[in-house]
Structures are given as C-alpha cells and as structure tokens.
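# Inside the fold
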Amino acid sequence: MDPEFDDVVSVEDLMALERRYAEERRGGEVSRRCQFEYAWGLVRSPYGQDVARGVALLQELMPKGTREEQRDYVFYLALGNYRLKEYERALGHVERLLGAEPQNPQGLRLRRLIRDRMRRDGLLGAAIVGGVALGVAGLLGLAISRARH
C-alpha cells in the first residue's frame, strides 16, 4: 500500500461532499468545483462503486475544465482507475499528465506504482494460469493412466 495513493476519505467528509453536490443539483446546476470535490472524495472511497462514480464525474468534467483544472482531472482519473485496478487506463491518464508536465512528482510516483502493480499482477496472473495448466495436465495424465489400466 502507498499512503499517498491508497488513503481513503472519511465517511463524514464524503457525506458532506455528497450533500453539497446534491444541493447544487437541486438548485439546477452543479459548479465544476463542487463536482470535482465530490469526484475527488469518491475516488478516495474504499468502495469500488464510489470510485467508479468518481471517475465518471471526472470524465464529465474534462471537456468543461480549464487547462489547470484538466491537469487535476487527469491526475484523479489516473488515480481512480489505479484504484479500480484498471491499470492500462490509469497509465494512459498518467502518461497524458506527464506529457504536459514531464517532471510532475506525483505523476512520476503514480506511474511507477501503476507499472509495479501491472508487473506484479501480470506475474501473479501468469502464475495462476500456469497453476491451472499444471492442474489440467495432471488430471489429463491421471485420466489417461486410468484408461490404460
């Protein structure tokens, strides 16, 4: 776990952000700032469904934001997708951020973390596939052996 990227928002804070977002929606129009803050809280939720909702809100904001706002949106899109284990998407967003700001320290750290997780999960995935293949081969060998006797 990386405290910078894996920390979660408190339930109280998320509820406060949600109330403010709902109030603005009832008023007819949600400000970009309010939507971003709510999306930020959702992306930092421990619940995947909340994180996915935060990612969707950030995607809605992208075409509306200023260049500086878009930088923040892209970073949190990368973070949200990382937290959803959508590593390819996360990497795409962080690369977009680093294309505009090659020395962005948070972006560089997040890219390293995403790549590490991709490697780890890739190796883990390969080990699982290898284990299944060995199991199937063993069962097949056993079946062939029994058929001969």
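Presented here is a report on the structure given in the accompanying data block. (Residues numbered from 1 in each chain as written. Predicted model: local features only at pLDDT ≥ 70, side-chain atom pairs only at ≥ 80, totals over all residues. Heavy atoms only, no water.)

What follows concerns the pattern of salt bridges. Scanning the entire structure with this criterion turns up 11 salt bridges. In this structure, R44 and D7 form a salt bridge, with 2.3 Å as the shortest nitrogen-oxygen distance. Taken together, the residues R44 in the loop between α3 (32–43) and α4 (48–61) and D7 in the loop between α1 (3–6) and α2 (11–26) connect sequence positions 37 residues apart. We note a salt bridge from E69 to R32, for which the minimum N-O separation is 3.0 Å. Taken together, the residues E69 in helix α5 (residues 67–83) and R32 in helix α3 connect sequence positions 37 residues apart. Since its relative accessible area comes to 23%, E69 is described here as partly exposed. Three or more residues are tied together by salt bridges with common partners; here these are R20, R33 and E37. (Salt bridge = Lys/Arg side-chain N within 4 Å of Asp/Glu carboxyl O. Helix = DSSP H or I, 4+ residues; strand = E, 2+ residues; numbered from the N terminus. Buried < 20%, exposed > 50% of the residue type's maximum accessible area, 1.4 Å probe, protein only.)

This part takes up the packing of α3 against α5. Two numbers describe how α3 lies on α5: the axes approach to 10 Å, and their chain directions differ by 25°. What the angle tells us is that α3 and α5 run roughly parallel. In this structure, α3 meets α5 at a crossing whose hand is left-handed. Across the interface between the two elements, R32, F36, W40 and V43 of α3 pack against E69, D72, Y73, Y76, L79, G80 and R83 of α5. Taken together, the residues that form the contact of α3 with α5 break down as 6 nonpolar, 1 polar and 4 charged. (Axes fitted to C-alpha atoms, helices over the stretch in contact; angles between N-to-C directions. Parallel < 35°, antiparallel > 145°, perpendicular 65-115°, else oblique. Left-handed = near helix turned anticlockwise from the far one by under 90°. Contact = heavy atoms within 4.5 Å. Nonpolar A, V, L, I, M, F, W, Y, C, P; charged D, E, K, R; others polar.)

Turning to the packing of aromatic side chains, a few remarks are in order. If you walk through the whole model with that rule in mind, you get 6 aromatic pairs. Ring geometry for Y82 against Y87: centres 6.1 Å apart, planes inclined by 45°, an arrangement best described as tilted. By relative accessible area, Y87 is classed as buried at 8%. Ring pairing ties together the aromatic residues F5, F36, Y73, F75 and Y76, which thus form one cluster. (Phe/Tyr/Trp six-rings, centres within 6.5 Å; stacked < 30°, edge-to-face > 60°.)

By size, the foremost hydrophobic cluster in this structure holds 33 residues, and its most contacted members are L58, Y82, L110 and I114. Elements with a contribution of two residues or more to this core: α2, α3, α4, α5, α6 (87–100) and α7 (105–148). Setting aside residues up to four positions removed in sequence, L110 forms contacts with F5, F75, A78, L79, Y82 and V94. (Core = buried A, V, L, I, M, F, W, Y, C linked by side-chain atoms within 4.5 Å.)

Here the focus is α4. Between its terminal C-alpha atoms α4 stretches 20 Å, which fits the 20 Å expected from 14 residues at 1.5 Å a residue. Buried residues along α4 sit in contact with α2, α3 and α5. (Expected span 1.5 Å × (residues − 1).)

This brings us to unusual backbone geometry. Even without being a glycine, K85 presents a positive backbone phi close to 65°. Inspection of the secondary structure puts K85 in the loop between α5 and α6. On the accessibility criterion, K85 (58% relative accessible area) is exposed.

Turning our attention to α3. The terminal C-alpha atoms of α3, which comprises 12 residues, lie 16 Å apart, in line with the 16 Å expected from a rise of 1.5 Å per residue. Buried residues dominate α3, accounting for 9 of its 12 residues. Among the residues of α3, those classed as buried are C34, Q35, F36, E37, Y38, A39, G41, L42 and V43. Buried positions along α3 lie against α2, α4 and α5.

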